[in-house]
Amino acid sequence: IVQRLVHRVARPRRLPRIALQNGVPEEARTLVVVPVLLGGVESTRSQIEHLEVQALGNVDRHVHFALLTDFPDAATETLPEDEALLRLAREGIEGLNAKYGAPEAFLLLHRPRRWNAEERAWMGHERKRGKLADLNAFLRGGAGDRFALVVGDTTHLGEVRYVVTLDTDTQLPRDSARQFVAV
């Protein structure tokens, strides 16, 4: 009943927008991030491909794309397969940057496992929320020690004004990053 009343009283309206026909301006630099777990070879390859597809639909020199990664929870700080998965992710991001000739276009920011006494496991600190908090601190010039590996040119990260966070199954339709910035 309350929802029906709210929908009758508060009608949806279009939000004001800035016209960005020439793309996202430098002062509105945007980072699209996908927080993921590096859980296996196929899922890691799939996430790199997913990031590439999102970027191809949102080509803009001031929109950057990043995988924000952790390893799954474990009983020990490292597992035998960790190194190979991290190498695969690194090579994937480096490959995308080489393929599109833009070393700042794609990034990999990987956090190490930390001991969580409450969960009694080695895991990424506060999982997804922690990844985003660490990313925001990193963008503001701190928290560099929270990432075990950073791949890609981070020169312009301090200029990022907007962060668009996607889930692993979320599609970013064509030019929608620009539309988000416009609103």
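Within any chain, residue numbers begin from 1 and follow the written order of that chain's sequence. With pLDDT at 70 or above as the cut-off, local features in this predicted model cover only qualifying residues; side-chain atom pairs require 80 or more to be listed or tallied, and sums for whole chains, interfaces and linings still use all residues. In computing side-chain properties, one takes all heavy atoms of the structure into account and sets aside hydrogens as well as water.

S.K.: Which residues make up empty space enclosed by the protein, and what values do they have?
M.R.: Lining residues are those with an atom within 4 Å of a point, where the points come from a 1 Å grid over the protein atoms alone and group into cavities, where a 1.4 Å probe fits but cannot get out, or pockets, open sets with protein on both sides within 12 Å along at least five of seven lines. Grid points are joined across faces, edges and corners, and a volume is the space filled by probe spheres set on the points. All chains considered together, the criterion is met by 1 cavity of 30 Å³ or more. Estimated volume of the largest cavity: approximately 40 Å³. As for the largest cavity, its lining consists of Asn58, Val59, Asp60, Val63, Asp175, Ala177 and Arg178. A class-by-class count of the residues in the lining of the largest cavity yields 3 nonpolar, 1 polar and 3 charged. Any residue that is not Ala, Val, Leu, Ile, Met, Phe, Trp, Tyr, Cys, Pro, Asp, Glu, Lys or Arg is counted as polar, Gly included; the first ten are nonpolar and the last four charged.

S.K.: How would you summarise the pattern of salt bridges if you had to cite specific residues and measurements?
M.R.: Pairs can form between side chains of opposite charge once their charged atoms are near each other. By definition, a salt bridge exists where a carboxyl oxygen of Asp or Glu is found within 4 Å of a side-chain nitrogen of Lys or Arg. Summed over the entire model, instances satisfying the criterion amount to 13 salt bridges. Notably, a salt bridge pairs Arg111 with Asp70, separated by 2.8 Å at the nearest N-O pair. Here the residue Arg111 occupies a position in the loop between β3 (106-110) and β4 (114-116), and Asp70 occupies one in strand β2 (residues 63-70), the gap between them amounting to 41 residues. Note on exposure labels: buried denotes an accessible area under 20% of the residue type's maximum, exposed denotes more than 50%, and partly exposed covers the range between, all computed with a 1.4 Å probe on protein chains only. You can call Arg111 buried: its relative accessible area is 1%. In this structure Asp70 comes out as buried when scored by relative accessible area, which is 2%. Taken together, the salt bridges that share partners define one network made up of Asp70, Arg111, Lys131, Asp134 and Arg146. Segments assigned H or I by DSSP are reported as helices when at least four residues long, segments assigned E as strands when at least two residues long, and all are numbered from the N terminus.

S.K.: Give a detailed account of the packing of helix α2 (residues 41-56) against helix α3 (residues 82-100), specifying residues and quantitative values.
M.R.: Interaxial distance between α2 and α3 falls to 10 Å at its minimum, and their mutual angle equals 25°. Regarding the angle of α2 to α3, the classification is roughly parallel. Remark: the crossing between α2 and α3 carries right-handed chirality. Between α2 and α3, the contacting residues are Val41, Thr44, Arg45, Ile48, Leu51, Glu52 and Leu56 on the first element and Leu85, Leu88, Ala89, Gly92, Ile93, Leu96, Lys99 and Tyr100 on the second. As a rule, the C-alpha atoms of each element are fitted with a line to give its axis, helices using only the stretch in contact, and angles between N-to-C directions run from 0 to 180 degrees. Orientation is classified from the angle alone, with under 35 degrees giving roughly parallel, over 145 giving roughly antiparallel, 65 to 115 giving roughly perpendicular, and any other angle giving oblique. Crossings are assigned a handedness: left-handed for a near helix turned anticlockwise from the far helix by less than a right angle, right-handed for a clockwise turn. Residue contacts are defined here by distance: any two heavy atoms, one from each residue, within 4.5 Å place the two residues in contact.

S.K.: Explain the packing of aromatic side chains residue by residue, including any values.
M.R.: Aromatic rings considered in pairs are described by the distance between their centres and by the relative angle of their planes. Note on ring pairs: Phe, Tyr and Trp rings are taken, using the six-membered ring of Trp, and paired if centres are within 6.5 Å. Classes follow the plane angle, with under 30 degrees stacked, over 60 edge-to-face and the rest tilted. Following the criterion strictly, the structure yields 4 aromatic pairs and no others. Look at Phe65 and Phe106: their rings are 6.2 Å apart centre to centre, the planes differ by 35°, and that puts the pair in the tilted class. Placement of Phe65 in strand β2 and of Phe106 in strand β3 is noted, with a sequence separation of 41 residues between them. Assessed through its relative accessible area of 2%, Phe65 is described here as buried. Their ring planes at 65° and their centres at 5.3 Å tell us that Phe138 and Phe147 sit as a pair that is edge-to-face. With a relative accessible area of 6%, Phe147 lands in the buried category. Through pairs of rings, three or more aromatic residues link up here, namely Phe65, Tyr100 and Phe106.

S.K.: Report on the sheet that holds β3, specifying residues and quantitative values.
M.R.: In sheet architecture, strand pairing relies on hydrogen bonds along the backbone and comes in two forms, parallel and antiparallel. In this description, strands pair whenever DSSP reports at least two bridges between them. An order of β6-β3-β2-β1-β7 is seen for the 5 strands of this open sheet, with the pairing classed as mixed. Here the strands that pair on one side only, and so sit at the sheet edges, are β6 (149-151) and β7 (162-165). Neighbour to neighbour, the strand axes of the sheet diverge by 20° on average, direction disregarded. Pairing analysis gives 3 bridges linking β3 to β6, with the strands arranged antiparallel. Each bridged residue has a counterpart across the sheet, and for Leu108 the counterpart in β6 is Val151. Here α3 sits on the sheet and contacts β2, β3 and β6; the angle it forms with β3, its principal contact strand, is near 160°.

S.K.: Outline the layout of surface pockets, supporting the account with residue identities and numerical values.
M.R.: Reported here for the largest pocket is a volume of approximately 250 Å³. Forming the walls of the largest pocket are 14 residues, and the residues nearest its centre are Val59, Asp60, Tyr100, Ala105 and Phe106. Elements with a contribution of two residues or more to the lining of the largest pocket: α2 and β2. Per-element tally for the lining of the largest pocket: the top contributor is β2, with 3 residues.

S.K.: So what's going on with the nonpolar core? Residues and values would help.
M.R.: We call a set of buried residues a nonpolar core when its members are Ala, Val, Leu, Ile, Met, Phe, Trp, Tyr or Cys and they connect through side-chain atoms within 4.5 Å of each other. Residues Val32, Leu51, Phe65, Leu67, Ile93, Phe106 and Leu108 are the most contacted members of the largest nonpolar core, which totals 31 residues. Put simply, the parts of the chain that give this core at least two residues each are β1 (30-37), α2, β2, α3, β3, β6 and α5 (176-182). It is α3 that provides the largest number of residues to this core, a total of 5 residues. Among all residues touching Phe65, those that are not within four sequence positions of it are Leu31, Val32, Leu51, Gln54, Ala55, Asn58, Ala105, Phe106, Leu107 and Leu172. Ala66, Phe138, Leu139 and Leu157 belong to the second largest nonpolar core, which has 12 residues in total.

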